[in-house]
Every structure is written in structure tokens, then in C-alpha cells.
Amino acid sequence: MNIKKKLLRSISLSLALAITTSLLITIFSPVSAQENIKSISQTSLIANDKANLPQMQFDLGKVLFEKADFGKAAEVWRDAAAGFERQGDKINQAWSLSLVSLALQNLGETTTSPNSYR
């Protein structure tokens with residue numbers, strides 16, 4: 001009789017352990033998977049932001065220009081032009097450099113050489 005009780009107790013503990021383990025795996029595996037997805041998504045967003053950085057700088061330059069902060073606008077547009085150059089986007093690079101010139105004209109710097117725009 002004593003052996004049956006020990007066997008029954010052992011089976012009960014094993015069954016309880018198996019159920020607990022299954023529940024823990026079921027509960028925490030999706031959380032771990034969600035964390036991996038978040039990490040991958042954040043990495044993707046960072047890469048996407050880097051690709052969009054010149055465009056964001058270009059847009060910021062427009063805001064600064066509209067606020068009559070011509071010096072800062074010229075600086076931001078120079079950075080945007082460099083970013084567009086790295087991306088091989090010659091049209092937006094030229095557009096940014098043109099706006100740098102406009103901002104500098106508004107500052108009264110009309111004699112600045114084209115090489116200083118870079």
C-alpha cells in the first residue's frame with residue numbers, strides 16, 4: 001500500500017510539473033517573440049530614419065527659413081545636401097544647395113564661393 005501511495009504521489013507531482021511547465025511556456029513564449037519583433041521593428045525604424053534623414057533635414061530647413069533663422073536653415077540644408085549626395089540623389093542635393101544659397105542671400109552673404117556650401 002505504501003508503494004502505491006508513493007507511486008501515485010510521484011505521478012501527481014510529475015503531472016503537476018508538466019502542466020506548470022506547459023503553462024509557463026505558453027504564457028512566456030509569446031512575450032519573448034513579441035520582444036524580438038519589437039527589437040527587429042526598432043532596428044528597421046532606425047535604418048529607415050537614417051534613409052529619410054536628408055529629407056527630414058530638408059523639411060526642417062524650410063521651417064527654419066520660414067522663421068527667418070537663415071543661418072540655421074543654411075546649415076541644415078548643407079547637411080541635407082550632403083545626405084542626398086551620399087544617397088546619390090542629385091536632384092534633391094541640387095535643390096538643397098540652391099536653398100542654402102537663398103538662405104545665405106537673406107543673410108547678406110552673396111559673395112560666398114560655391115565650394116563653401118559643402
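Residues numbered from 1 in each chain as written. Predicted model: local features only at pLDDT ≥ 70, side-chain atom pairs only at ≥ 80, totals over all residues. Heavy atoms only, no water.

1. What to know about the pattern of salt bridges
Evaluation of the coordinates by the stated rule reveals 2 salt bridges. Residue Asp59 pairs with Lys62 through a salt bridge whose shortest N-O separation is 3.8 Å. With Asp59 and Lys62 both in helix H1 (residues 2-66) and 3 residues apart, the pair spans about one turn of that helix. Look at Asp59 and you get partly exposed, because its relative accessible area is 33%. Among the salt bridges present, the one from Glu75 reaches Lys72, with a minimum N-O distance of 3.6 Å. Here Lys72 and Glu75 lie together in helix H2 (residues 70-87), a separation of 3 residues that amounts to about one turn. By relative accessible area, which is 39% here, Glu75 ends up partly exposed. Using a relative accessible area of 36% as the deciding quantity, one classes Lys72 as partly exposed. (Salt bridge = Lys/Arg side-chain N within 4 Å of Asp/Glu carboxyl O. Helix = DSSP H or I, 4+ residues; strand = E, 2+ residues; numbered from the N terminus. Buried < 20%, exposed > 50% of the residue type's maximum accessible area, 1.4 Å probe, protein only.)

2. A few points about the packing of H2 against helix H3 (residues 90-106)
In the contact formed by H2 and H3, the axes pass within 8 Å of each other and the chain directions differ by 165 degrees. With respect to their mutual orientation, H2 and H3 come out roughly antiparallel. With respect to the hand of their crossing, H2 and H3 are arranged in left-handed fashion. Residues Phe70, Ala74, Trp77, Arg78, Ala80, Ala81, Phe84 and Glu85 of H2 lie in contact with H3, whose contacting residues are Asn92, Gln93, Ser96, Leu97, Leu99, Val100, Ala103, Leu104 and Asn106. Broken down by class, the residue content of the contact of H2 with H3 amounts to 11 nonpolar, 4 polar and 2 charged. (Axes fitted to C-alpha atoms, helices over the stretch in contact; angles between N-to-C directions. Parallel < 35°, antiparallel > 145°, perpendicular 65-115°, else oblique. Left-handed = near helix turned anticlockwise from the far one by under 90°. Contact = heavy atoms within 4.5 Å. Nonpolar A, V, L, I, M, F, W, Y, C, P; charged D, E, K, R; others polar.)

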